[in-house]
Amino acid sequence: MKTLVTCALPYANGPIHLGHMVEHIQTDIFVRYLRSRGDDVVFLCADDTHGTAIEISAEKKGVTPEAFIAEVSEDHQAVFRDFQISRDFYSSTNSPENKHYAELIYNRAKDAGFIGTKDIEQAFDETAGRFLADRFIKGECPNCGTKDQYGDACEKCNATYGPKELKNPYSVLSGKPPVWKKSTHLFFKLSQHVDFLKAQLAKPGFMNQGLAAQLGQFFEKGLADWDISRDGPYFGFPIPGETNKFFYVWLDAPIGYISAAEAWAKATGKAKSALDYWAKDADARIVHVIGKDIVYFHCLFWPSVLTVANLKVPDYVHIHGHLTVNGEKMSKSRGTFINARPYLDVLDPNYLRFYFASLLGSGPEDLDFSLLEFRQRTNAELVNNLGNLANRSLSLLAKDKKLAPANDAVGGALVREALSRVKEIGDAFEKFDSRTAIKAILEIGYAANQFLAKSEPWKTIKTDPEGARSVLSEAAEIVYLLTALLHPVVPELADKLATQLNRKKLSFKELATAQYPLLDRSQPIGDASPIIGRIEAETVEKLIATTPEPVQKKASEPKKKEEVAAPSEIEFGDFAKVSFRAGKVLAAEKVPKADKLLKLSIDLGEAAPRTIVSGIAEAYTPETVTGRNVVVVANLKPRALKGIESQGMILTAGKGGKDLVLLDPGNVPPGSDVK
Ligand SMILES: [Zn+2]
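What counts and what doesn't
- Residues numbered from 1 in each chain as written.
- Predicted model: local features only at pLDDT ≥ 70, side-chain atom pairs only at ≥ 80, totals over all residues.
- Heavy atoms only, no water.
- Buried < 20%, exposed > 50% of the residue type's maximum accessible area, 1.4 Å probe, protein only.
- Helix = DSSP H or I, 4+ residues; strand = E, 2+ residues; numbered from the N terminus.
- Pairing = 2+ DSSP bridges.
- Axes fitted to C-alpha atoms, helices over the stretch in contact; angles between N-to-C directions.
- Parallel < 35°, antiparallel > 145°, perpendicular 65-115°, else oblique.
- Left-handed = near helix turned anticlockwise from the far one by under 90°.
- Contact = heavy atoms within 4.5 Å.
- Nonpolar A, V, L, I, M, F, W, Y, C, P; charged D, E, K, R; others polar.
- Phe/Tyr/Trp six-rings, centres within 6.5 Å; stacked < 30°, edge-to-face > 60°.
- Lys NZ or Arg CZ within 6 Å of the ring centre and 35° of its normal.
- Donors = N, O, S within 2.8 Å, 3.2 Å for Na, K, Ca; no water.
- Tetrahedral: all angles 85-135°; square planar, octahedral: opposite > 155°, others 65-115°.
- Core = buried A, V, L, I, M, F, W, Y, C linked by side-chain atoms within 4.5 Å.

Chemist: Can you tell me about the pairing of strand β2 (residues 41-47), naming the residues and giving the values?
Modeler: The element β2 is extensively covered by neighbouring structure, given that 7 of its 7 residues are classed as buried. What you see with β2 is no split at all: Val41, Phe43, Cys45 and Asp47 on one side and Val42, Leu44 and Ala46 on the other are buried throughout. Summarising the sheet, strand β1 (residues 2-7) and β2 pair through 4 bridges and their orientation is parallel. The residue of β2 that forms the bridge with Leu4 is Val42. Pairing analysis gives 4 bridges linking β2 to strand β3 (residues 89-92), with the strands arranged parallel. Paired with Cys45 across the strands is Tyr90, a residue of β3.

Structure representation (structure tokens):
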């Protein structure tokens with residue numbers, strides 16, 4: 001079956017940063033793997049181009065929105081190309097194809113009775129002559145009084161509120177206080193799709209089940225109908241049959257997935273139209289890759305719109321976590337983000353492709369771009385293990401470019417063992433679990449390096465040249481295997497290996513039936529050279545120099561260590577008896593007459609929450625602990641503390657008293673194993 005794969009559409013209001021690259025690199029790995037095993041795949045993306053923010057940016061630059069988004073698109077596409085993202089087509093939501101499908105989908109939803117109207121009150125800037133989105137109004141936080149906060153949330157105290165609640169509000173455009181005006185907006189009746197959505201979320205393989213369960217809370221609260229219109233002036237498509245109303249950018253953005261397929265079909269002739277993939281009964285699989293911040297739109301709104309429009313609902317939505325840099329959240333306001341272009345100015349894209357691949361699993365957990373670990377792991381794994389294996393074996397063979405005849409007694413076991421791992425590696429790539437794939441590939445590389453180290457052909461080549469050639473030729477089999485295994489992750493390096501072997505790259509399709517020996521030993525090999533050099537500390541520092549202050553500080557200030565006594569040893573079996581699980585604190589209260597204790601109600605993914613009494617009251621208040629993810633010893637016998645039965649224990653670190661921190665298992669569903 002043919003597959004259509006998309007990344008979320010980058011917003012055309014700024015440059016591509018490393019957070020985007022997490023998504024585009026993992027999607028590219030998935031797509032390259034599918035192609036390598038012989039699947040029919042089309043990999044599409046587009047810029048998301050509409051909305052007030054784009055219009056304002058264009059105005060600031062003194063150009064039309066169309067000229068502005070054209071320039072941004074060129075920049076985005078160049079970055080993706082330089083990161084070797086193997087896209088089939090890159091489109092724009094400001095295209096005639098997208099206008100066509102936005103109108104078609106809207107008209108079908110309207111004809112089916114799923115569009116309604118509601119009067120809403122919205123801030124209006126009389127000087128600028130336009131309605132103001134929440135982000136275009138600032139004022140004092142109604143909760144803590146901090147000045148210059150946006151109309152939807154406070155960056156100081158994290159309170160969320162409506163723009164009308166701000167004290168002394170002003171328009172970002174004119175600096176004047178907004179007036180409040182009534183306007184009739186169009187709504188998509190999402191509330192009528194609850195049964196459909198419940199069934200869709202429960203479909204096996206549609207999305208991560210933990211996140212599907214989280215979306216379930218919206219059904220309990222009641223799904224709100226969705227405002228899909230904005231009043232003009234607005235950079236977007238006019239709504240058919242309405243005056244001065246435009247589709248809200250979030251309505252036509254996902255439709256870009258369909259229109260990109262239409263534009264690709266027109267440009268290449270490889271399909272009749274987008275409907276080859278998007279018709280309700282199309283014989284195709286649709287895979288979206290998105291970050292967990294836009295799950296609501298992709299897993300509730302988008303399937304509902306598609307089903308109303310009689311189009312195909314995506315088969316799988318792959319959801320990844322967010323990128324942190326040196327352990328801190330990437331944030332424009334805090335200046336902790338690295339743009340993709342400055343990275344490319346100092347470092348090879350293959351390093352980042354490899355590093356992200358080695359971190360990414362199939363779940364939505366966050367990943368950290370630790371500059372130190374990035375350099376150390378890439379040097380140890382990509383350069384030393386895999387790169388050196390190739391260079392050690394091929395450089396000695398390259399002198400006269402001849403391979404020895406296959407000798408099963410020398411290399412058969414090594415190669416067969418490596419081939420036996422191919423299925424597991426392919427399965428991991430298919431599940432977006434490149435971390436597992438990389439681990440297996442590194443084990444293959446390690447075994448081949450051990451194999452060479454045992455025979456030391458670089459020593460014996462003087463005394464026993466044919467014996468040494470035999471050993472090196474068997475190691476070259478593994479290098480040949482790597483041309484297929486590494487291709488999805490670092491395609492350019494796999495190409496280099498193939499050139500040095502003077503062969504075409506192997507594919508996963510060929511590997512499905514491959515047997516020892518993989519190389520035709522009668523054919524000569526090519527010239528050898530290192531496929532990639534080490535990352536030097538100075539180079540990473542250059543990358544740091546291009547990023548703002550907070551990152552630098554964190555990287556260069558190691559924390560002081562205090563000496564602690566080594567604990568006594570226990571058997572592994574004793575340790576293995578303890579069941580650690582991730583939990584979420586649902587509620588907390590003080591325990592009467594016990595200053596140090598809090599009584600916690602903790603969700604462990606079980607039928608009912610557990611009650612756990614914990615001595616953290618000097619470090620945490622009920623307010624600061626509620627909502628936290630914690631690590632729980634789940635199989636401790638219940639014990640009574642101050643007359644309350646405590647059903648487990650939560651883990652903390654620190655000296656005790658006020659000096660205690662909760663161990664955080666990260667953003668995993670309650671009940672997850674902690675190992
Ligand atoms: Zn505040």
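The discussion continues.
Chemist: I'd like a rundown of the packing of helix α12 (residues 371-397) against helix α15 (residues 434-455), residues and numbers included.
Modeler: At their nearest, the axes of α12 and α15 sit 10 Å apart, and the two run at 45° to each other. In terms of axis orientation, α12 runs oblique to α15. Considering only the axes of α12 and α15, their crossing is left-handed. Across from Glu381, Asn385, Leu386, Leu389, Arg392 and Ser393 in α12, the residues of α15 making contact are Ile441, Leu442, Gly445, Tyr446, Ala448, Asn449 and Leu452. Its residues assigned to classes, the contact of α12 with α15 shows 7 nonpolar, 4 polar and 2 charged.

Chemist: Can you explain the packing of aromatic side chains? Please cite residues and give values.
Modeler: In the structure shown here, the tally under the stated rule is 25 aromatic pairs. Centroid distance Phe124 to Phe131: 5.0 Å. Interplanar angle 70°. Geometry classified as edge-to-face. Take Phe124 and Phe131: they sit in the same class, and that class is buried. Taking 5.0 Å as the distance between ring centres and 50° as the angle between the ring planes, the aromatic pair formed by Phe369 and Phe374 counts as tilted. A relative accessible area of 0% places Phe374 in the buried class. Between Arg135 and the ring centre of Tyr150, over which it is positioned, the NZ or CZ distance is 4.1 Å. The ring of Phe124 carries Lys181 above its face, with NZ or CZ at 3.9 Å from the centroid.

Chemist: Let's hear about the sheet that holds strand β17 (residues 367-369): which residues, and what values?
Modeler: With respect to topology, 3 strands assemble into an open sheet ordered β16-β15-β17, the strand pairing being mixed. At either margin of the open sheet sits one strand with a lone partner, and together these are β16 (328-329) and β17. Of the strand pairs in this sheet, strand β15 (residues 323-325) and β16 are connected by 2 bridges, and their pairing is antiparallel. Residue Thr324 lies in a different strand from β16, and its bridge partner there is Lys329. Sheet strands in contact with helix α11 (residues 349-359) are β15 and β17, and its direction is about 150° off that of β17.

Chemist: Which residues make up the sheet that holds strand β14 (residues 316-320), and what values do they have?
Modeler: Ordered by their spatial adjacency, 5 strands build an open sheet running β3-β2-β1-β13-β14, and the pairing between neighbours is parallel. Of all the strands in the sheet, just β3 and β14 have a single pairing partner and so form its edges. Strand-to-strand twist in this sheet, taken as the mean axis angle between neighbours without regard to direction, amounts to 25°.

Chemist: Tell me about the coordination of the zinc ion, and please be specific about residues and values.
Modeler: For a metal with four tetrahedral donors the ideal donor-metal-donor angle is 109.5 degrees, while six octahedral donors give ideal angles of 90 or 180 degrees. Taken together, the protein donors to the zinc ion comprise Cys141 (SG), Cys144 (SG), Cys154 (SG) and Cys157 (SG), at separations of 2.3 to 2.4 Å. Relative to the metal, the 4 donor atoms surrounding the zinc ion lie at angles of 106 to 114°, and the coordination shape comes out tetrahedral. Counting residues between consecutive donors of the zinc ion along the chain gives the motif C-x2-C-x9-C-x2-C. For Cys141, a relative accessible area of 0% translates into the label buried.

Chemist: How would you summarise the nonpolar core if you had to cite specific residues and measurements?
Modeler: Ranked by size, the top nonpolar core spans 163 residues in total, and within it Met21, Phe188, Trp278, Phe356 and Phe369 carry the most contacts. Broken down by element, this core gets its largest block of residues, 11 residues, from helix α17 (residues 465-485). With near-sequence residues (within four places) excluded, Phe356 lies in contact with Leu18, Met21, Val22, Ile25, Leu323, Leu367 and Phe369. Of all hydrophobic cores here, the second largest spans 17 residues; its members include Val585, Ala617, Tyr620 and Val630.

All quantities given are derived from atomic positions and should not be read as evidence of function.
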